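Spelled out from the first residue to the last, the chains are:
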Amino acid sequence: MVLEADQVEAAIEAIIDAAKTDKIGDGKIFVSPVEQAIRIRTGETGTDAL
C-alpha cells in the first residue's frame, strides 16, 4: 500500500483494529518511504501518480 504521509497513521490504526487478535500470526506492518512514483501511461509523478 502506498499512501501520502498524512494518511499513514490512520491506515496503521485501521489495520491494527481489523487484524489484531492478540494471538501469534497477527502479522507485522512495515513502514518505509517511497522515493518516487511515476504513472507510466500519463507521465504523472509524485502524489499525482498515486
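The structure this text deals with has already been given above.
None of these values were measured; they are calculated from a predicted model.

Trainee: Pulling in residues and values, what's your account of the overall build of the protein chain?
Mentor: In terms of regular secondary structure, the protein chain is built from 1 helix and 0 strands. Compactness check: the protein chain gives a C-alpha radius of gyration of 14 Å against a globular reference of 10 Å for 50 residues, more than 25% above the reference. Structurally, the protein chain occupies a C-alpha span of about 45 × 20 × 15 Å along its principal axes. Relative to its 50 residues, the protein chain shows a buried fraction of 8%.

Trainee: Outline the pattern of salt bridges, supporting the account with residue identities and numerical values.
Mentor: In total, this model carries 2 salt bridges according to the counting rule given. Across the pair Asp-22 and Lys-20 runs a salt bridge whose closest N-O atoms are separated by 3.6 Å. Considered together, Asp-22 and Lys-20 belong to a single accessibility category, that of exposed residues.

Trainee: Give me the environment of Val-31: which residues, what numbers.
Mentor: Note that Val-31 resides in the segment after helix H1 (8–19). Assessed through its relative accessible area of 56%, Val-31 is described here as exposed. The spacing of Val-31 and Arg-41 is 10 residues in sequence and 27 Å in space, taken between C-alpha atoms. Setting aside residues no more than four positions away along its own chain, Val-31 makes contact with Val-8 and Ile-12.

Trainee: Tell me what's going on with the environment of Ser-32, and back it up with residues and numbers.
Mentor: Mapped onto the elements, Ser-32 comes out in the segment after H1. Assessed through its relative accessible area of 58%, Ser-32 is described here as exposed. Put simply, Ser-32 and Val-2 are 30 residues apart on the chain and 9.6 Å apart in space, counted from C-alpha to C-alpha.

About the thresholds
Residues numbered from 1 in each chain as written. Predicted model: local features only at pLDDT ≥ 70, side-chain atom pairs only at ≥ 80, totals over all residues. Heavy atoms only, no water. Helix = DSSP H or I, 4+ residues; strand = E, 2+ residues; numbered from the N terminus. Rg over C-alpha atoms; globule rule 2.2 N^0.38 Å. Buried < 20%, exposed > 50% of the residue type's maximum accessible area, 1.4 Å probe, protein only. Salt bridge = Lys/Arg side-chain N within 4 Å of Asp/Glu carboxyl O. Contact = heavy atoms within 4.5 Å.

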